[in-house]
Amino acid sequence: MASDLQQTLLRISRKAESLTERYNALYQAKKEADETISELEKKISGQEEEIRVLKSRVEYLTVVTTAIPDRRDVELSRARISELVREIDKCITELSE
């Protein structure tokens, strides 16, 4: 009976050691996962700030492009205005006759 008790205690001791090892391994994995999560959250925060800055730049460039047209746009506008002026002159000539 004493040997049965000793074997039972030995088995329980081994199971406790096994559980402790598994717990420590899981604890270490959780710690690493928490560090990774923290790093990724910092990265996300940085990227969100970068996105905000880039959106601001895009908005600024859109306004600048609209306010200050390029040479090609100016030439197209002048051509269109000249065409409209010729049509108006033609209409005036026809009405005058």
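Residues numbered from 1 in each chain as written. Predicted model: local features only at pLDDT ≥ 70, side-chain atom pairs only at ≥ 80, totals over all residues. Heavy atoms only, no water.

Q: Any details on the environment of Ser13? Residues and values, ideally.
A: Structurally, Ser13 is set in helix 1 (residues 2-67). Sequence separation between Ser13 and Val58 is 45 residues, and the spatial gap between their C-alpha atoms is 66 Å. (Helix = DSSP H or I, 4+ residues; strand = E, 2+ residues; numbered from the N terminus.)

Q: So what about the environment of Ile37? Which residues, and what values?
A: Looking at the secondary structure, you find Ile37 in helix 1. Look at Ile37 and you get partly exposed, because its relative accessible area is 44%. Here the alpha-carbon distance between Ile37 and Ile92, two residues 55 residues apart in the chain, equals 75 Å. (Buried < 20%, exposed > 50% of the residue type's maximum accessible area, 1.4 Å probe, protein only.)

Q: Describe the packing of aromatic side chains, with residues and values.
A: This structure, assessed with the given rule, holds 1 aromatic pair. Where Tyr23 meets Tyr27, the ring centres are 6.2 Å apart and the plane angle is 20°; that geometry is what we call stacked. Here Tyr27 and Tyr23 lie together in helix 1, a separation of 4 residues that amounts to about one turn. Owing to a relative accessible area of 53%, Tyr23 belongs among the exposed residues under this scheme. The partly exposed category is assigned to Tyr27, whose relative accessible area is 45%. (Phe/Tyr/Trp six-rings, centres within 6.5 Å; stacked < 30°, edge-to-face > 60°.)

Q: Describe the pattern of salt bridges, naming the residues involved and giving the relevant values.
A: In total, this model carries 3 salt bridges according to the counting rule given. The salt bridge partner of Lys30 is Asp34, with a shortest N-O separation of 2.7 Å. On the criterion of helical spacing, the pair formed by Lys30 and Asp34 is a turn pair, its members being 4 residues apart in helix 1. Residues Glu49 and Arg52 are paired through a salt bridge, measuring 2.5 Å at the closest nitrogen-oxygen approach. In this pair, Glu49 and Arg52 both sit in helix 1, 3 residues apart, roughly one turn of the helix. (Salt bridge = Lys/Arg side-chain N within 4 Å of Asp/Glu carboxyl O.)

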